[in-house]
Amino acid sequence: MASVDPRSGFCKSNSTFYSKRTPIPLPPNPSLDVTTFISSQAHRGKTALIDAATGRNLSFSELWRSVESVASCLSDMGIRKGDVVLLLSPNSILFPVVCLSVMSLGAVITTTNPLNTSGEISKQISDSNPVIAFTTVDLLPKIAADLPIVIMDEEERVGPMRGARIAGRLVEMMEKRPNERRVRERVDQDDTASLLYSSGTTGASKGVVSSHRNLISMVQTVVQRFGSDSGGHGEQRFICTVPMFHIYGLAAFATGLLAYGSTIIVLSKFDMHEMMSAIGKYRATYLPLVPPILVAMINGADQIKRKYDLSSLHSILCGGAPLSKEVIEGFVEKYPTVKILQGYGLTESTAIGASTDTLDESRRYGTAGLLSPSMEAKIVDPGSGRVLGLNQTGELWLKGPSIMKGYFRNEEATSSTLDSEGWLRTGDLCYFDEDGFIFVVDRLKELIKYKGYQVPPAELEALLLTHPEIVDAAVIPFPDEEVGQFPMAYVVRKPGSNLSGNNLMEFVSKQVAPYKRIRKVAFVSSVPKNPSGKILRKDLIKLATSKL
């Protein structure tokens, strides 16, 4: 490798940025699954998971015993390497048990959002073809397919189970003695471990195929990041409000932090009061969140500090969108003893990309951080394809051991996102400064970020066009302090139509998850498009925000 500038990590001869962090060699054994890798780490912790509401907890020894028992039961049910297992559940201390059990068999875990409609879940089921599903009694009606179901509720519950093929209860599976004679299939680092669905700008969400190697690399990065930051704080305790079905939650709470021996305090859903109460009750040290929650903490700081004990909290971990200088300064002023650490990653990069890991790094306002260990990057001009250098803005391309294998059964999408050398086109416009810090400027991709959820505008546009009174439609992100962005629709009505904004919002809300709902409507005579017919969303965003 030609000479790399130690300050920026940039190599002029091949226009590549190299991580300034200490590289982490992957385990040399090719036959290694991520569950075995995590369980083989030297855990310093005692308690793995705590349910914030009930106090019910799992120690590390109970966790690994449960994982082994559930894996054994699944094997006895005929679940084999390569089989897909669906997990539809809110956050729960049992969520990691299912993920780790499934992956230890070489089977593939696919998660889905509990807020999704049964129609949205059906699409994922028909694409991924799972052989069994884990869910709760309340969510059971959302699974329209004829699948064997394992019920995750801890207490016996009578609910909408008529006609469902109940294959077992998770708590009973966790208590069974593992079958010592079961045949264990060899699982390699290259085998598929997870299939998470990422919203695409083209409408349909795509299954991101991640290998055991991808997840092991991610776990190593998480362990290095928090292992080096013990800072005399003793046992690390993380609050989990971020959804575990999402790559952020799955990477941090269902896999990565367990390898470090941290305690994870699980909230089944986000609630500001419950989250703040849990920090004091369980002496939490870290609080991972998305920017809208951070803004709410600033706005309600006086009341929060009066009502809750936050003395144990030393770090906020923020991901999902870059924070402005004003937001960071506002937070530091209100909470001077808490530092903000940021992270950047995608489902396609197994949540790994860049991060700020120290107080000095976090003082770089507006940065996503330094490249993660073993990660390489390029900045590419999206128009010409020319590779750019320092302080030049272009599309960020990433390459490293955590980059996905590809999109599930979608060669076209894979080849347009991953090039032949393994570079991932992130769809984000970024630049590197002379110290190697990444700054995210804008998105080439057009996803709307609502409270950290990703909403593809094309999916909503396709739905709007099914309405008999709509000729054309465009959906854009509308900025909002509380939620980040929400979907706004520009609609062309058929001549003579009296369709109202409320009618239209109601039409959409019946067919999509709550976070995808359209919350603002403007009627126009035509939707602006470029010569090739692509919607000029930037023009519409300018129009919508010019009145703010």
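Keep in mind the model is a prediction, meaning the values are calculated, not measured.

Criteria and cut-off values
Residues numbered from 1 in each chain as written. Predicted model: local features only at pLDDT ≥ 70, side-chain atom pairs only at ≥ 80, totals over all residues. Heavy atoms only, no water. Axes fitted to C-alpha atoms, helices over the stretch in contact; angles between N-to-C directions. Helix = DSSP H or I, 4+ residues; strand = E, 2+ residues; numbered from the N terminus. Parallel < 35°, antiparallel > 145°, perpendicular 65-115°, else oblique. Left-handed = near helix turned anticlockwise from the far one by under 90°. Contact = heavy atoms within 4.5 Å. Expected span 1.5 Å × (residues − 1). Buried < 20%, exposed > 50% of the residue type's maximum accessible area, 1.4 Å probe, protein only. Polar contact = N/O pair within 3.5 Å; in protein donor to acceptor, adjacent residues only side chain to side chain. Pairing = 2+ DSSP bridges.

**Q** Got a minute to help me understand the packing of helix H2 (residues 60–76) against helix H3 (residues 95–104) in this structure?
**A** Any two packed helices are characterised by the angle at which their axes cross and by the distance between the axes. Two numbers describe how H2 lies on H3: the axes approach to 8 Å, and their chain directions differ by 55 degrees. Between H2 and H3, the angle falls in the class oblique. In this structure, the crossing between H2 and H3 has a hand that is right-handed. Between H2, through Leu 63, Trp 64, Ser 66, Val 67, Val 70, Ala 71 and Leu 74, and H3, the contact on the second element is made entirely by Val 97, Leu 100, Ser 101, Val 102 and Ser 104.

**Q** What exactly am I supposed to notice about H2 here?
**A** Within an α-helix, residues lying three or four positions from one another point in the same direction, as the helix has 3.6 residues per turn. Helix length check: H2 (17 residues) gives 24 Å between terminal C-alpha atoms against 24 Å at 1.5 Å per residue, within 8%. Looking at H2, one finds that the buried residues are Phe 60, Leu 63, Trp 64, Ser 66, Val 67, Ser 69, Val 70, Ala 71, Ser 72, Cys 73, Leu 74 and Ser 75. Just downstream of H2 lies Gly 78, where phi reads positive at about 100 degrees.

**Q** What am I meant to see in helix H8 (residues 272–282) here?
**A** Of the positions making up H8, those classed as buried are Met 275, Met 276, Ala 278, Ile 279, Gly 280 and Tyr 282. Where H8 is buried, its residues touch strand S3 (47–51), strand S12 (237–240), strand S13 (263–266), strand S14 (286–289), helix H9 (291–299) and helix H10 (301–307). At the N-terminal end of H8, a side-chain oxygen is found 3.1 Å from the backbone nitrogen of His 273, two or three residues along, and the residue is Asp 271.

**Q** Can you walk me through the pairing of strand S11 (residues 206–211) in this structure?
**A** One face of the sheet, then the other: side chains in a regular strand alternate in exactly this way. Taken across its 6 residues, S11 has 6 buried, putting it largely inside the fold. The alternating pattern of S11 places Lys 206, Val 208 and Ser 210 and Gly 207, Val 209 and Ser 211 on opposite faces, both of which are buried. Summarising the sheet, strand S10 (residues 192–198) and S11 pair through 6 bridges and their orientation is antiparallel. Its bridge partner lying in S11, Ser 198 is registered against Lys 206. Both S11 and strand S22 (residues 406–407) contribute to a ladder of 2 bridges, which runs antiparallel. Residue pairing in the sheet places Val 208 in a bridge with Tyr 407 of S22.

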